[in-house]
Amino acid sequence: MQQETLVVQQAELLRLNEELEGIARLDALTGLGNRLRLNEDLAQIAGRIERNGGTAGLLLLDLDRFKRLNDSLGHLAGDAALRGVAAILKHTSRVGDGVYRYGGEEFLIILHDADATVLKIAGQRYLNAIHAGGMPHAENRPWGVVTASAGVTELSQRNCADVDGALHMADEALYRAKERGRNRCEVMTLEAGIALAPMDQERAAS
């Protein structure tokens, strides 16, 4: 009887530990994967691409003029917008793609088996879905609703050994989208990233 009780207790302890590990990899506000989960998944995907080939797309999104939303409506409204966008991203994503809160008002999506020819189409699909969500944001002119800008790049055997570099390229593409009017998607190829010139970026005014 005591042996059976011990087995049950050990099984319950194992279940609780697994549950805690899962919680540690989720963003508390949005329920998306957090940076820890993202880093683990990126390492796994990069390793698989290095061994077997293939591609993945890195789609980085940033909500437009989010600071103004917080300033005008308060942080509770900002949190509601983040949760709303997270729900839209999850609903829009394909089976197998990863959706993460990257930090602040930034989100990152890993698009499996997506090469450069489809990245901009995929990025625009997400942006259209956020725009269509119709969450009020009067300070985000001319749209008057929550929108986002996006930068995408490809992860392949050519750059999978430098995931940080690929993330930097997606970040640069994102801020090109900001500079060129917001609520749009820009693609950064590996060739463009190598030749990238410094940009004058006022990132606090995103």
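Residues numbered from 1 in each chain as written. Predicted model: local features only at pLDDT ≥ 70, side-chain atom pairs only at ≥ 80, totals over all residues. Heavy atoms only, no water.

S.K.: For this particular structure, what's the right way to read the overall build of the chain?
M.R.: On a plain count of helices and strands, the chain comes out with 7 helices and 5 strands. In the chain, the order of α-helices and β-strands from amino to carboxyl end is α-α-β-α-α-β-β-α-β-α-β-α. In the chain, which comprises 206 residues, the proportion classed as buried is 45%. Contacts in the chain between residues far apart in sequence, at least 24 positions, make up 68% of those at least 6 positions apart. Summing over all exposed atoms, the chain offers an accessible surface of approximately 11000 Å²; the carbon and sulfur share of this is 54%. (Helix = DSSP H or I, 4+ residues; strand = E, 2+ residues; numbered from the N terminus. Buried < 20%, exposed > 50% of the residue type's maximum accessible area, 1.4 Å probe, protein only. Contact = heavy atoms within 4.5 Å. Areas by Shrake-Rupley, 256 points an atom, 1.4 Å probe, with all protein chains shown as cover.)

S.K.: I keep staring at the pairing of strand 4 (residues 148-155) and nothing clicks. Help me out?
M.R.: If a strand is regular, its side chains alternate between the two faces of the sheet. The buried fraction of strand 4 is high, at 7 of 8 residues. Of the strand pairs in this sheet, strand 1 (residues 56-63) and strand 4 are connected by 8 bridges, and their pairing is antiparallel. When the bridges of strand 4 are listed, Leu-63 appears paired with Ala-148. In this view, the connection linking strand 4 to its parallel neighbour strand 5 (residues 185-187) by way of helix 6 (residues 163-179) has left-handed handedness. (Pairing = 2+ DSSP bridges. Right-handed = clockwise from strand over helix to strand, strands pointing away.)

S.K.: What am I meant to see in the packing of aromatic side chains here?
M.R.: The geometry of an aromatic ring pair is captured by two quantities: the separation of the ring centres and the angle between the planes. For the structure shown, the criterion picks out 0 aromatic pairs. In this structure, Arg-35 packs its charged tip against the face of Tyr-102, placed 4.1 Å from the ring centre. (Phe/Tyr/Trp six-rings, centres within 6.5 Å; stacked < 30°, edge-to-face > 60°. Lys NZ or Arg CZ within 6 Å of the ring centre and 35° of its normal.)

S.K.: Can you help me understand the nonpolar core in this one?
M.R.: Nonpolar side chains tend to gather and get buried jointly when the protein is soluble and globular. Counting residues in each nonpolar core, the largest one holds 28 residues, and the members touching the most others are Leu-61 and Phe-107. Those elements giving two or more residues to this core turn out to be strand 1, helix 3 (66-73), helix 4 (75-92), strand 3 (106-112), helix 5 (116-132) and strand 4. With 6 residues, helix 4 is the largest single contributor of residues to this core. Ile-45, Ile-49, Ala-56 and Ala-166 belong to the second-largest nonpolar core, a separate cluster that totals 20 residues. (Core = buried A, V, L, I, M, F, W, Y, C linked by side-chain atoms within 4.5 Å.)

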